[in-house]
Amino acid sequence: MKTQVAIVGAGPSGLLLGQLLAKSGIANIVIEQRSGDYVLGRIRAGVLEQTTVDLLREAGVASRMDAEGLPHDGVELCFGGQRHRIDLHGLTGKQVMVYGQTEVTRDLMAARTAAGLPTVYEADEVAVHGFDSAHPSVTYLKDGVRHEVQADFIAGCDGFHGVCRASVPAGAITQHEKVYPFGWLGVLADVPPVSDELIYVHHDRGFALCSQRSKVRSRYYVQCSLDDKVEHWSDDAFWNELRARLPADTAANLVTGPSIEKSIAPLRSFVAEPLRFGRLMLVGDAGHIVPPTGAKGLNLAASDVGYLWQALQGFYAGRAGEIDHYSQRALARIWKAERFSWWMTSLMHRFPENGTFGHKMQIAEMEYLFSSRAAMTALAENYVGLPLVST
Ligand code: RFL
Ligand code: PHB
């Protein structure tokens, strides 16, 4: 078959790009290696920036988010057993929206189905070809039959382990990476959140995060060792560890219950440069990864989509040069989010290898943060999301 844009991957970036392109009359297909249920089974992000919310509204997929999402005006940081509130709205005039990635993906899938847009799930042996020419293509096997999609462009929305970045010749790409010496153990449970707003906790036993999906569903994380296994953590062991990292009065309010999902995620910072290789563009986790501490991964994926949508609209309106700006525009925002995520990760986690000096630096930085409106504003500006700029 022939189309204008072949999108590899049906995560939030692939589905959002497909929806926005369709709104602009640009034909596209989404090719995903997993089943739709598998994609919806991955529990990931929970916090949306205003720019992400705006794009979802522009894509026409925001009605459930607007009805069920929880706008938050603030976030808390806990240090030395004390909770401190960062007044996001008071400091920046902006909010964030608590609405899970699973729900965003579900809404995008439903809209794609309703619009009758072509989507292939459970595609095997997906491969990208000829992106250094004007006639790129994507091939895949479906139920053992080989298919070929000829397109003007390929959008590589296939995540960190996808095929698109891996298909770029080594000499054409530079990759910057930092791997952190710990992971996050996450639990999802149908219990009311311990607090109205998110709490990021620095504790001598390690970092913890109290997050939420709704008034009746909570998401909690604790910093864990890289060789920890989910099977080694019973629900009781998890709740006990979380309680031990919270201030006593907060721990006393914690409602526990059976976990409905439990997983370990490693923490990584990663950027590939550039993000465009001829007619192939990398989008979202395919091009960059942030540690989850700043809640930036899904939001960066959405801002990449915003920039690429703008570039492709320009191309099809006769401004071929717009495509040349995609990589540079997206990377300018990505590096700032990388810095913020790295900084928040460095501030909030336990790094025994940094010794007492490293620990003292964390304490000094926190004390400064809570005493300075300028420092709190810098945190708040980054947490609610930097603006999308066209350079
Ligand atoms: P995804 O979601 O990984 O989707 C990529 C899709 O491509 C498919 N795929 C292929 N398809 C065809 N052929 C191939 N060869 C393929 N290889 C892979 C995959 O099956 C998949 O369906 O990437 P995308 O769309 O770029 O979206 C990125 C986000 O998922 C990610 O950045 C966030 O989840 C990160 N993240 C968070 N981001 C936030 O903005 N706020 C948060 O609060 C937040 N919390 C988190 C997070 C990520 C976490 N984990 C587990 C990594 C919390 C956690 C624990
Ligand atoms: C989540 O709810 O999964 C979540 C929230 C904030 C983060 C990371 C994850 O920084």
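A brief look at the structure comes next. Since we're looking at a predicted model, the values are computed, not measured.

## Comments concerning the sheet that holds strand S2 (residues 28-31)
The strand order S8-S2-S1-S12-S19-S18 describes an open sheet built from six strands, whose pairing is mixed. Either end of the sheet is taken by a strand with one partner, and the two such strands are strand S8 (119-120) and strand S18 (276-277). Relative to strand S19 (residues 280-282), S18 runs antiparallel, the two being bridged by two bridges. Across the sheet, residue Arg-276 finds its bridge partner in S19, namely Met-281. Against the sheet, helix H1 (residues 12-23) makes contact with strand S1 (5-8), S2 and strand S12 (153-156), and its axis sits at roughly 160 degrees relative to S1, the strand it touches most.

## So, the site of ligand 2
Contacts to ligand 2 come from 14 residues, most closely from Tyr-200, Ser-211, Arg-213, Tyr-221 and Pro-292. One of the side-chain nitrogen or oxygen atoms of Tyr-200 is found 2.7 Å away from an oxygen atom of ligand 2. Contact with the protein chains covers 97% of the free accessible surface of ligand 2, which is 280 Å². Counting only elements with at least two residues in the shell around ligand 2, the list comes to strand S15 (208-212) and strand S16 (218-224).

## So, the environment of Gly-14
With respect to the helices and strands, Gly-14 occurs in helix H1. What makes Gly-14 buried here is its relative accessible area of 0%. Note: C-alpha distance between Gly-14 and Val-191 (177 residues apart in sequence) is 32 Å. In contact with Gly-14, not counting residues within four places along its chain, are Ile-7, Gly-9, Val-30 and Cys-157.

## Regarding the sheet that holds strand S4 (residues 70-72)
In any sheet, the strands associate via hydrogen bonds between backbone groups, in a parallel or an antiparallel arrangement. Strand order in the open sheet made by the three strands is S3-S7-S4, with antiparallel pairing throughout. The open sheet is flanked by strand S3 (47-48) and S4, the only strands paired with a single partner. Bridge count between S4 and strand S7 (residues 96-98): three bridges; the pairing is antiparallel. Counted as the bridge partner of His-72 is Val-96 from S7.

## Some points on unusual backbone geometry
In this structure, the amide linkage connecting Glu-273 to the following residue, Pro-274, adopts the cis form with an omega of -10 degrees. Inspection of the secondary structure assignment puts Pro-274 in the loop between strand S17 (259-273) and S18. Of note in this structure, Glu-125 is not a glycine but carries a positive phi near 50 degrees. Note on placement: Glu-125 falls in strand S9 (residues 124-129). Even without being glycine, Ala-295 reaches a positive phi, approximately 60 degrees. Mapped onto the secondary structure, Ala-295 falls in the loop between strand S20 (288-289) and helix H10 (297-316). Among the residues examined, Ala-295 registers a relative accessible area of 19% and is labelled buried.

Rules used throughout
Residues numbered from 1 in each chain as written. Chains lettered and ligands numbered in written order. Predicted model: local features only at pLDDT ≥ 70, side-chain atom pairs only at ≥ 80, totals over all residues. Heavy atoms only, no water. Pairing = 2+ DSSP bridges. Helix = DSSP H or I, 4+ residues; strand = E, 2+ residues; numbered from the N terminus. Contact = heavy atoms within 4.5 Å. Axes fitted to C-alpha atoms, helices over the stretch in contact; angles between N-to-C directions. Near = heavy atom within 4 Å. Polar contact = N/O pair within 3.5 Å; in protein donor to acceptor, adjacent residues only side chain to side chain. Areas by Shrake-Rupley, 256 points an atom, 1.4 Å probe, with all protein chains shown as cover. Buried < 20%, exposed > 50% of the residue type's maximum accessible area, 1.4 Å probe, protein only.

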